[in-house]
Amino acid sequence: MAMIAIGGSVGAGLFIGSGAVIHAAGPAALVSYAIAGVLVLLTLRALGEMVVAQPAAGSFSDYARIALGPRAGFAIGWLYWWMYAVLVAAEAVAGAAILAAWVPAPGWLLSLLLLVAMTAANLVSVRAFGETETLFSLIKVATIVAFLVLGGLFALGLWPGADGPTVANLWQHGGFAPNGWTAVFAATVVVLFSFGGVEIVTIAAGETDEPERGVARATTNVLWRIALFYVASILVVVAVLPWDTAELLESPFVSVMETVGVPAAPLIMQVVVFVAVLSVLNAAMYTSSRMLHVLTRQGDAPAALARVSRRGVPARAILLGTVVGYASVVGNYLWPTTVFAFLVASIGAILLVLFLTIVVSQLVLGRRLRREAPERLTFRMWGFPYLSWATLAGLVAVPVAMAFLPDQRGPLLATLAAVAVVLAAYEVRRRVGRTPVSDRPLDLGRD
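Rules used in this analysis
- Residues numbered from 1 in each chain as written.
- Predicted model: local features only at pLDDT ≥ 70, side-chain atom pairs only at ≥ 80, totals over all residues.
- Heavy atoms only, no water.
- Helix = DSSP H or I, 4+ residues; strand = E, 2+ residues; numbered from the N terminus.
- Buried < 20%, exposed > 50% of the residue type's maximum accessible area, 1.4 Å probe, protein only.
- Contact = heavy atoms within 4.5 Å.
- Areas by Shrake-Rupley, 256 points an atom, 1.4 Å probe, with all protein chains shown as cover.
- Salt bridge = Lys/Arg side-chain N within 4 Å of Asp/Glu carboxyl O.
- Phe/Tyr/Trp six-rings, centres within 6.5 Å; stacked < 30°, edge-to-face > 60°.
- 1 Å grid on protein atoms, 1.4 Å probe; cavity = no way out; pocket = protein on both sides within 12 Å on 5 of 7 lines; lining within 4 Å.
- Points joined across faces, edges and corners; volume = space filled by probe spheres on them.
- Nonpolar A, V, L, I, M, F, W, Y, C, P; charged D, E, K, R; others polar.
- Patch = residues over 30% accessible without salt bridge, like charges linked within 9 Å, V, L, I, M, F, W, Y side chains within 5 Å.
- Core = buried A, V, L, I, M, F, W, Y, C linked by side-chain atoms within 4.5 Å.
- Expected span 1.5 Å × (residues − 1).
- Arc of directions from axis to C-beta.
- Polar contact = N/O pair within 3.5 Å; in protein donor to acceptor, adjacent residues only side chain to side chain.

Caption draft 1: Looking closely at the overall build of the chain. Along the backbone of the chain there are 18 helices and 0 strands. When each of the 447 residues of the chain is scored for burial, the buried share is 55%. Partitioning the contacts of the chain with sequence separation of at least 6, the portion at a separation of at least 24 is 80%. As presented, the chain carries roughly 18000 Å² of accessible surface, and 69% of it is formed by carbon and sulfur atoms.

Put into structure tokens, the structure is as follows:
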């Protein structure tokens with residue numbers, strides 16, 4: 001379970017995307033990652049309370065339905081499915097771009113091969129998904145640990161060949177926050193989305209023998225993962241190299257390893273980034289299929305998608321979740337230079353909608369649980385309800401900030417458009433098919 005959470009939250013956004021954040025905020029990017037990390041940690045803790053009290057394969061979609069009504073459950077379920085269906089496509093395109101440097105084949109063909117391979121892995125069994133994700137996560141963890149050790153020794157002047165400590169880079173070159181604190185908080189908006197994927201562990205919990213234990217342990221471990229993998233990695237980067245070094249924009253990890261003197265650093269990091277892309281692709285395929293499977297329970301998706309194979313795999317839901325991916329193969333053939341950017345822009349800030357829904361649901365269900373079944377709260381949200389309200393306020397501040405940031409207005413508008421579409425779709429769904437449950441009480445039994 002812990003490795004699944006790592007696989008979902010540590011990807012190319014850290015290995016490559018962190019360079020743009022550092023360039024925008026300077027060494028104070030540490031603060032940006034810390035603030036975003038705290039918001040994600042508290043959101044996951046709130047979700048963990050609900051999952052442990054009442055494990056559900058649909059996780060936040062089910063809790064939104066119970067707390068806020070069928071409209072909320074329908075909307076967040078389909079938005080989340082769309083986000084991960086698009087991520088399947090985007091990661092396939094990104095993976096093909098990396099493979100193109102090693103394999104002399106067109107990008108669309110490489111995307112197709114990656115999609116077929118990962119689809120096959122997900123169709124085999126839930127165990128195959130877990131074992132594949134664990135392997136990918138181990139590679140990423142090993143890389144980050146090696147990076148922290150080597151880079152840390154170099155920054156302290158303890159590495160052979162180092163000219164002395166370089167930690168002064170933290171306050172030289174314009175200071176700790178050279179572009180001002182407004183830039184630091186603006187970078188927090190961007191950083192928040194790099195933590196997407198930590199919530200996958202609560203979906204996977206529905207298919208484990210001990211969901212309460214697994215979620216509790218994985219949620220607790222998020223704290224040290226955020227501290228070690230994100231904050232500590234950024235600390236090493238800005239301690240080894242000046243924040244305004246041009247190479248950081250391309251790949252901060254490669255730049256640091258080249259400075260330390262690691263042989264073949266670019267090739268090593270290319271391989272690791274490729275593994276990170278495969279990891280996200282694997283997790284996205286799993287997540288989209290499970291959410292689609294869950295949507296069938298209330299009649300929000302065709303009942304045929306609920307069927308599972310003899311190995312317990314929702315094969316039809318997996319295949320439907322790859323439709324956007326296979327469409328992207330065609331798009332990659334027709335418009336090879338624009339497909340990836342279009343796919344990423346189309347999902348906007350859906351992750352933020354998810355986090356907001358989780359916290360609001362926990363505020364509602366948390367009160368209900370404390371009133372009706374306090375014995376079920378073996379894993380509690382800290383400082384309820386005050387810390388939940390503080391988390392909600394912090395998350396609400398993000399779309400407000402996005403409205404004032406020119407680069408973020410597009411993703412914000414794309415998200416608002418997606419929300420409008422699914423709400424309109426719910427009105428159609430409400431008039432067709434089985435009547436959704438509007439306000440069922442929290443089930444205090446076991447599924």
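Caption draft 2: How the structure looks around the environment of Ile98. Residue placement: Ile98 occurs in helix α5 (residues 70–99). Given the relative accessible area of 15%, Ile98 is considered buried. When the C-alpha positions of Ile98 and Phe274 are compared, they lie 6.6 Å apart, and in sequence the two are 176 residues distant. In this structure Ile98 touches Gln270, Val273, Phe274 and Val277, once residues within four positions along its chain are discounted.

Caption draft 3: View of the pattern of salt bridges. Tallied over the entire structure, the rule returns 7 salt bridges. For Arg65, the salt bridge identified is with Asp300, shortest N-O distance 2.6 Å. Of the two residues, Arg65 is situated in helix α4 (residues 60–68) and Asp300 in the loop between α12 (265–295) and α13 (315–321); the sequence distance between them amounts to 235 residues. Relative accessible area serves as the criterion here: at 6%, Asp300 is assigned to the buried category. For Asp300, the salt bridge identified is with Arg429, shortest N-O distance 2.6 Å. Residue Asp300 is located in the loop between α12 and α13, and its partner Arg429 is located in helix α18 (residues 406–430); the two are separated by 129 residues in the primary sequence. A relative accessible area of 7% places Arg429 in the buried class.

Caption draft 4: How the structure looks around the packing of aromatic side chains. A full pass over the atoms with the stated rule returns 11 aromatic pairs. Aromatic side chains Trp102 and Phe274 sit 5.8 Å apart centroid to centroid with 80° between the ring planes, which places their arrangement in the edge-to-face category. Residue Trp102 is found in the loop between α5 and α6 (107–124), and its partner Phe274 is found in helix α12; the two are separated by 172 residues along the sequence. What makes Trp102 partly exposed here is its relative accessible area of 33%. Ring geometry for Phe147 and Phe253: centres 4.1 Å apart, planes at 25°, overall stacked. Of the two residues, Phe147 is situated in helix α7 (residues 126–155) and Phe253 in helix α11 (residues 252–260); the sequence distance between them amounts to 106 residues. Using a relative accessible area of 2% as the deciding quantity, one classes Phe147 as buried.

Caption draft 5: Representation of the layout of surface pockets in the model. By volume, the largest pocket amounts to about 1400 Å³. As for the largest pocket, its lining consists of 49 residues, and the residues nearest its centre are Gly13, Val190, Phe193, Ser194 and Val344. Elements supplying a minimum of two residues to the lining of the largest pocket: α1 (2–9), α2 (12–25), α5, α8 (181–192), α12, α15 (339–347), α16 (350–372) and α18. With 9 residues, the top contributor of residues to the lining of the largest pocket is α2. Taken together, the residues of the lining of the largest pocket break down into 36 nonpolar, 11 polar and 2 charged.

Caption draft 6: Quick look at unusual backbone geometry. Backbone torsion omega between Phe384 and Pro385 reads 0°, so that peptide bond is classified as cis. For Ala264, which is not glycine, the phi torsion reads 55° and is therefore positive. Here Ala264 falls in the partly exposed class, since its relative accessible area comes to 45%.

Caption draft 7: Inspection of the environment of Trp382 at higher detail. In this structure, Trp382 sits in the loop between α16 and α17 (386–404). Through-space distance from the C-alpha of Trp382 to that of Arg45 is 7.9 Å; in sequence the pair is 337 residues apart. When neighbours within four sequence positions are excluded, Trp382 is seen to be in contact with Leu41, Leu42, Arg45 and Leu387.

Caption draft 8: Representation of a nonpolar patch on the surface within the structure. A grouping of Trp108, Val330, Tyr333, Leu334 and Trp335 is seen on the molecular surface, where their side chains present a nonpolar patch of about 560 Å² in accessible area. Take the nonpolar patch: its biggest share by element is 3 residues, from helix α14 (residues 323–334).

Caption draft 9: Up close: the nonpolar core. Judged by nonpolar contacts, the single largest core of 128 residues is most densely connected at Phe15, Leu192 and Val256. Per-element accounting of this core gives the leading share, 21 residues, to α5. When neighbours within four sequence positions are excluded, Val256 is seen to be in contact with Phe147, Val236, Val237, Val240 and Leu241.

Caption draft 10: Structural view of α17. Along its 19 residues, α17 runs 28 Å from first to last C-alpha, staying within 8% of the 27 Å computed at 1.5 Å per residue. Restricting attention to buried positions, one finds in α17 the residues Ser388, Thr391, Leu392, Leu395, Val398 and Met402. Each buried residue of α17 lies within a common arc of 100° when the element is viewed along its axis, so the set occupies one face. The exposed residues of α17 that point more than 90 degrees off its buried face are Tyr386 and Phe404. In this fold, the buried residues of α17 make contact with α3 (29–53), α8, α16 and α18.

Caption draft 11: Structural view of the side chain of Arg65. A residue is classified by how much of its surface remains accessible, and Arg65, at 4% relative accessible area, is buried. One polar contact links Arg65 to Asp300, side chain to side chain, over a distance of 2.6 Å. When sequence neighbours within four positions are dropped, the list of residues in contact with Arg65 reads Pro70, Gly73, Phe74, Gln298 and Asp300.

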